[in-house]
Amino acid sequence: MKIRNWLGLSLLLLLTPLSKAKLFNPNALGGWAISKELFMYIYNTVEHGKNILELGSGSATQELAQYFTMYSIEHNKIWLDKYETTYIFAPIKNYGSYRWFNTVFLNKLPKDYDLILIDGPPGPIGRYGFYHHLNLFNTNVTMIFDDVQRGAELRLLKDVARKLKKPYKIHYCKDGKRFGVINAISKDKKIAALLLS
Ligand SMILES: C[S@@+](CC[C@H](N)C(=O)[O-])C[C@H]1O[C@@H](n2cnc3c(N)ncnc32)[C@H](O)[C@@H]1O
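Everything numeric here is computed off the predicted structure, so don't read it as measured data. (Residues numbered from 1 in each chain as written. Predicted model: local features only at pLDDT ≥ 70, side-chain atom pairs only at ≥ 80, totals over all residues.)

Asker: How should I be thinking about the overall build of the protein chain in this particular structure?
Answerer: Regarding its fold elements, the protein chain presents seven helices and nine strands. Buried positions account for 32% of the 197 residues belonging to the protein chain. Taking all contacts inside the protein chain whose residues are at least 6 apart in sequence as the whole, residues at least 24 apart take part in 56%. (Helix = DSSP H or I, 4+ residues; strand = E, 2+ residues; numbered from the N terminus. Buried ≥ 20, exposed ≤ 12 C-beta atoms within 10 Å, placed from the backbone. Contact = placed C-beta atoms within 7 Å.)

See the structure below:
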(Lines give C-alpha, C1' and ligand atoms only; values in the text may rest on other atoms or scores of the structure.)
Protein backbone atom coordinates (compact mmCIF):
# COMPACT_ATOMS: atom_id res chain seq x y z
CA MET A 1 0.00 0.00 0.00
CA LYS A 2 1.38 3.41 -0.97
CA ILE A 3 0.94 6.19 1.56
CA ARG A 4 0.94 9.78 0.31
CA ASN A 5 0.22 11.95 3.32
CA TRP A 6 -0.42 12.01 7.05
CA LEU A 7 -4.01 10.81 6.48
CA GLY A 8 -2.62 7.84 4.58
CA LEU A 9 -0.22 7.09 7.40
CA SER A 10 -3.10 7.21 9.91
CA LEU A 11 -5.08 4.82 7.68
CA LEU A 12 -2.10 2.50 7.57
CA LEU A 13 -2.02 2.49 11.37
CA LEU A 14 -5.72 1.59 11.48
CA LEU A 15 -5.19 -1.26 9.03
CA THR A 16 -2.04 -2.54 10.72
CA PRO A 17 -2.59 -5.71 12.74
CA LEU A 18 -3.13 -4.87 16.41
CA SER A 19 0.15 -6.46 17.44
CA LYS A 20 2.04 -4.00 15.22
CA ALA A 21 -0.28 -1.03 15.70
CA LYS A 22 0.37 -1.16 19.43
CA LEU A 23 4.03 -0.63 18.72
CA PHE A 24 3.63 2.24 16.26
CA ASN A 25 4.11 5.66 17.81
CA PRO A 26 3.54 8.57 15.39
CA ASN A 27 4.89 10.94 18.07
CA ALA A 28 8.27 9.34 17.45
CA LEU A 29 8.53 11.31 14.20
CA GLY A 30 9.51 14.99 13.89
CA GLY A 31 11.63 17.11 16.21
CA TRP A 32 14.94 15.33 16.77
CA ALA A 33 13.71 12.44 14.66
CA ILE A 34 13.08 12.30 10.92
CA SER A 35 9.91 14.03 9.74
CA LYS A 36 6.71 12.19 8.80
CA GLU A 37 7.40 12.97 5.14
CA LEU A 38 10.82 11.34 5.29
CA PHE A 39 9.41 8.31 7.07
CA MET A 40 6.77 8.00 4.32
CA TYR A 41 9.40 8.46 1.60
CA ILE A 42 11.41 5.55 3.01
CA TYR A 43 8.29 3.45 3.60
CA ASN A 44 7.20 3.97 -0.01
CA THR A 45 10.51 3.58 -1.82
CA VAL A 46 12.55 0.95 0.04
CA GLU A 47 11.38 -2.65 -0.24
CA HIS A 48 10.14 -3.80 3.15
CA GLY A 49 12.42 -6.26 4.89
CA LYS A 50 15.58 -4.70 3.42
CA ASN A 51 18.48 -3.39 5.49
CA ILE A 52 18.90 0.28 6.36
CA LEU A 53 22.18 1.68 7.64
CA GLU A 54 21.52 4.76 9.74
CA LEU A 55 24.04 7.28 11.06
CA GLY A 56 22.48 8.57 14.29
CA SER A 57 19.76 6.72 16.11
CA GLY A 58 16.60 8.06 17.75
CA SER A 59 12.91 7.43 18.22
CA ALA A 60 12.25 6.98 14.47
CA THR A 61 14.64 4.02 14.49
CA GLN A 62 11.96 2.00 16.25
CA GLU A 63 9.29 2.98 13.72
CA LEU A 64 11.52 2.06 10.78
CA ALA A 65 12.42 -1.20 12.53
CA GLN A 66 8.82 -2.35 12.06
CA TYR A 67 9.39 -2.54 8.30
CA PHE A 68 13.15 -2.79 7.83
CA THR A 69 16.20 -4.39 9.41
CA MET A 70 18.02 -1.50 11.03
CA TYR A 71 21.73 -0.92 11.67
CA SER A 72 22.57 2.26 13.59
CA ILE A 73 25.95 3.94 14.01
CA GLU A 74 25.69 5.82 17.30
CA HIS A 75 28.29 7.88 19.19
CA ASN A 76 26.34 8.58 22.38
CA LYS A 77 26.04 5.76 24.91
CA ILE A 78 22.79 7.31 26.19
CA TRP A 79 21.19 6.47 22.85
CA LEU A 80 22.38 2.87 22.70
CA ASP A 81 20.24 -0.22 23.36
CA LYS A 82 16.95 1.65 23.17
CA TYR A 83 15.46 0.45 19.92
CA GLU A 84 15.21 -2.63 17.70
CA THR A 85 18.41 -2.12 15.75
CA THR A 86 21.93 -3.48 15.57
CA TYR A 87 23.98 -0.73 17.20
CA ILE A 88 27.48 0.07 16.00
CA PHE A 89 28.96 2.20 18.76
CA ALA A 90 31.55 4.68 17.51
CA PRO A 91 32.65 7.56 19.76
CA ILE A 92 33.48 10.94 18.25
CA LYS A 93 37.08 11.58 17.23
CA ASN A 94 38.69 14.94 16.53
CA TYR A 95 40.23 14.75 13.04
CA GLY A 96 41.57 18.32 13.18
CA SER A 97 39.39 20.19 10.71
CA TYR A 98 36.28 18.17 11.58
CA ARG A 99 34.89 15.77 14.18
CA TRP A 100 33.16 12.52 13.31
CA PHE A 101 32.75 8.89 14.34
CA ASN A 102 36.07 7.20 15.13
CA THR A 103 36.46 4.96 12.11
CA VAL A 104 38.37 2.35 14.14
CA PHE A 105 34.92 1.39 15.44
CA LEU A 106 33.42 1.18 11.93
CA ASN A 107 35.16 -2.00 10.85
CA LYS A 108 32.08 -4.14 11.27
CA LEU A 109 29.57 -2.31 9.09
CA PRO A 110 26.99 -4.56 7.42
CA LYS A 111 27.90 -5.55 3.85
CA ASP A 112 24.37 -5.49 2.53
CA TYR A 113 22.04 -2.49 2.78
CA ASP A 114 19.66 -0.64 0.47
CA LEU A 115 19.65 2.77 2.10
CA ILE A 116 22.01 4.97 4.09
CA LEU A 117 20.25 7.53 6.28
CA ILE A 118 22.70 10.29 7.24
CA ASP A 119 21.12 11.79 10.35
CA GLY A 120 24.01 12.01 12.77
CA PRO A 121 26.13 12.96 14.56
CA PRO A 122 24.07 15.98 15.74
CA GLY A 123 24.58 19.35 14.00
CA PRO A 124 26.96 20.87 16.62
CA ILE A 125 29.41 17.95 16.14
CA GLY A 126 28.86 17.93 12.40
CA ARG A 127 28.34 15.32 9.69
CA TYR A 128 31.04 16.29 7.21
CA GLY A 129 33.13 13.27 8.13
CA PHE A 130 30.76 11.27 5.95
CA TYR A 131 32.30 13.05 2.96
CA HIS A 132 35.85 12.29 4.12
CA HIS A 133 35.09 8.62 4.80
CA LEU A 134 32.82 7.82 1.84
CA ASN A 135 35.04 4.84 1.05
CA LEU A 136 33.61 3.02 4.09
CA PHE A 137 30.17 2.91 2.50
CA ASN A 138 28.43 1.46 -0.53
CA THR A 139 27.62 4.69 -2.35
CA ASN A 140 25.57 2.92 -5.05
CA VAL A 141 22.56 2.62 -2.76
CA THR A 142 20.06 5.38 -1.99
CA MET A 143 21.55 7.98 0.38
CA ILE A 144 19.29 10.30 2.32
CA PHE A 145 20.72 13.38 4.02
CA ASP A 146 18.38 14.73 6.68
CA ASP A 147 18.27 18.36 7.84
CA VAL A 148 19.54 19.97 4.61
CA GLN A 149 17.60 23.12 5.58
CA ARG A 150 20.83 23.74 7.54
CA GLY A 151 23.83 25.14 5.68
CA ALA A 152 26.35 22.50 6.85
CA GLU A 153 24.12 19.56 5.93
CA LEU A 154 23.25 21.13 2.54
CA ARG A 155 26.98 21.55 1.82
CA LEU A 156 27.56 17.91 2.73
CA LEU A 157 24.81 16.79 0.33
CA LYS A 158 26.15 18.96 -2.51
CA ASP A 159 29.80 17.97 -1.95
CA VAL A 160 29.01 14.23 -1.79
CA ALA A 161 26.92 14.54 -4.98
CA ARG A 162 29.77 16.39 -6.72
CA LYS A 163 32.37 13.85 -5.54
CA LEU A 164 30.25 10.95 -6.82
CA LYS A 165 29.21 12.86 -9.98
CA LYS A 166 25.56 12.18 -9.21
CA PRO A 167 22.50 14.41 -9.10
CA TYR A 168 20.58 15.05 -5.91
CA LYS A 169 17.03 16.06 -5.11
CA ILE A 170 15.75 18.04 -2.14
CA HIS A 171 12.37 17.28 -0.56
CA TYR A 172 10.50 19.81 1.58
CA CYS A 173 8.61 18.78 4.73
CA LYS A 174 5.69 20.61 6.30
CA ASP A 175 7.58 21.08 9.57
CA GLY A 176 10.23 23.16 7.76
CA LYS A 177 12.76 20.35 7.59
CA ARG A 178 14.28 19.26 4.27
CA PHE A 179 16.02 16.09 3.17
CA GLY A 180 18.22 15.44 0.18
CA VAL A 181 18.43 12.22 -1.82
CA ILE A 182 21.20 10.79 -3.99
CA ASN A 183 20.51 7.60 -5.98
CA ALA A 184 16.75 7.87 -5.56
CA ILE A 185 15.02 4.64 -6.49
CA SER A 186 13.64 5.25 -9.97
CA LYS A 187 10.00 4.73 -10.90
CA ASP A 188 11.04 1.85 -13.18
CA LYS A 189 12.85 0.06 -10.38
CA LYS A 190 9.84 0.51 -8.08
CA ILE A 191 7.51 -0.97 -10.72
CA ALA A 192 9.90 -3.89 -11.25
CA ALA A 193 10.04 -4.52 -7.49
CA LEU A 194 6.23 -4.43 -7.33
CA LEU A 195 5.91 -6.89 -10.22
CA LEU A 196 8.40 -9.26 -8.63
CA SER A 197 6.85 -9.12 -5.15
C1 LIG B 1 19.04 13.74 14.69
S2 LIG B 1 19.37 12.53 15.91
C3 LIG B 1 19.09 11.03 15.03
C4 LIG B 1 17.64 10.71 14.97
C5 LIG B 1 17.23 9.41 14.33
N6 LIG B 1 17.78 9.17 13.03
C7 LIG B 1 15.71 9.45 14.24
O8 LIG B 1 15.20 9.84 13.18
O9 LIG B 1 15.07 9.17 15.23
C10 LIG B 1 21.13 12.59 15.98
C11 LIG B 1 21.74 12.16 17.32
O12 LIG B 1 21.11 12.85 18.38
C13 LIG B 1 20.96 12.02 19.51
N14 LIG B 1 19.53 11.94 19.77
C15 LIG B 1 18.62 11.08 19.28
N16 LIG B 1 17.39 11.38 19.72
C17 LIG B 1 17.53 12.47 20.51
C18 LIG B 1 16.61 13.26 21.29
N19 LIG B 1 15.31 12.98 21.30
N20 LIG B 1 17.09 14.29 21.98
C21 LIG B 1 18.41 14.59 21.99
N22 LIG B 1 19.34 13.87 21.29
C23 LIG B 1 18.89 12.84 20.55
C24 LIG B 1 21.62 10.68 19.17
O25 LIG B 1 22.93 10.68 19.69
C26 LIG B 1 21.62 10.69 17.65
O27 LIG B 1 22.71 9.99 17.13
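Asker: Just to check I follow, could you spell out the site of the ligand for this structure?
Answerer: Residues in contact with the ligand amount to 16 residues; listed here are only the nearest, Ala 33, Gly 56, Gly 58, Ala 60 and Gly 120. Ranked by residue count, the leading element in the shell around the ligand is helix H4 (residues 59-64), at three residues. Residues that form the shell around the ligand fall into these classes: six nonpolar, seven polar and three charged. (Near = placed C-beta within 6 Å. Nonpolar A, V, L, I, M, F, W, Y, C, P; charged D, E, K, R; others polar.)

Asker: Is there a simple way to explain the nonpolar core in this structure?
Answerer: Side chains of a nonpolar character, in soluble globular proteins, are inclined to be buried together. Grouped together as the largest cluster of nonpolar side chains are 39 residues, with contacts concentrated most on Phe 39, Ile 42, Ile 52, Leu 115, Ile 118, Ile 144 and Phe 145. Tallying contributions element by element places helix H3 (residues 36-45) first for this core, with six residues. Once residues within four sequence positions are removed from consideration, Phe 145 is found in contact with Ile 118, Glu 153, Leu 156, Leu 157, Phe 179 and Gly 180. (Core = buried A, V, L, I, M, F, W, Y, C linked by C-beta atoms within 7 Å.)

Asker: Before we go on, may I ask you to explain the pairing of strand S7 (residues 142-146) in this structure?
Answerer: Along any regular strand, the residues point their side chains to alternate faces of the sheet. The element S7 is largely enclosed, with a buried count of four among its five residues. Pairing geometry for strand S6 (residues 115-118) and S7, over four bridges, is parallel. For Ile 116, the partnering residue across the bridge sits in S7 and is Met 143. Relative to strand S9 (residues 178-182), S7 runs antiparallel, the two sharing four bridges. If you follow Met 143 over to S9, its bridge partner there is Ile 182. (Pairing = 2+ DSSP bridges.)

Asker: For this particular structure, what's the right way to read the sheet that holds strand S3 (residues 86-89)?
Answerer: The strands making up a sheet are joined through hydrogen bonds of the backbone, oriented either antiparallel or parallel. As summarised here, the arrangement of the seven strands in space is S3-S2-S1-S6-S7-S9-S8, forming an open sheet in which the pairing is mixed. Each edge of the open sheet is held by one strand with a lone partner, namely S3 and strand S8 (168-172). Each neighbouring strand pair of the sheet contributes to a mean axis angle of 20 degrees, computed without reference to strand direction. Where helix H6 (residues 151-164) meets the sheet, it contacts S7, S8 and S9, and its direction lies at approximately 10 degrees from that of S9. (Axes fitted to C-alpha atoms, helices over the stretch in contact; angles between N-to-C directions.)

Asker: Is there a simple way to think about the environment of Val 141 in this case?
Answerer: Its place among the elements puts Val 141 in the loop between helix H5 (129-132) and S7. Between the C-alpha atom of Val 141 and that of Ile 116, which follows or precedes it by 25 residues, the distance is 7.3 Å. In contact with Val 141, not counting residues within four places along its chain, are Tyr 113, Asp 114, Leu 115, Ile 116 and Asn 183.

Asker: I would appreciate a short explanation of unusual backbone geometry in the present structure.
Answerer: Most peptide bonds take the trans configuration, and most residues that are not glycine carry a negative phi. Following Gly 120, the chain continues to Pro 121 via a peptide bond in cis, the omega torsion being 0 degrees. With respect to the secondary-structure elements, Pro 121 resides in the loop between S6 and H5. Of note, the phi angle at Lys 165 is positive, near 55 degrees, even though the residue is not glycine. Mapped onto the elements of the fold, Lys 165 is located in the loop between H6 and S8.

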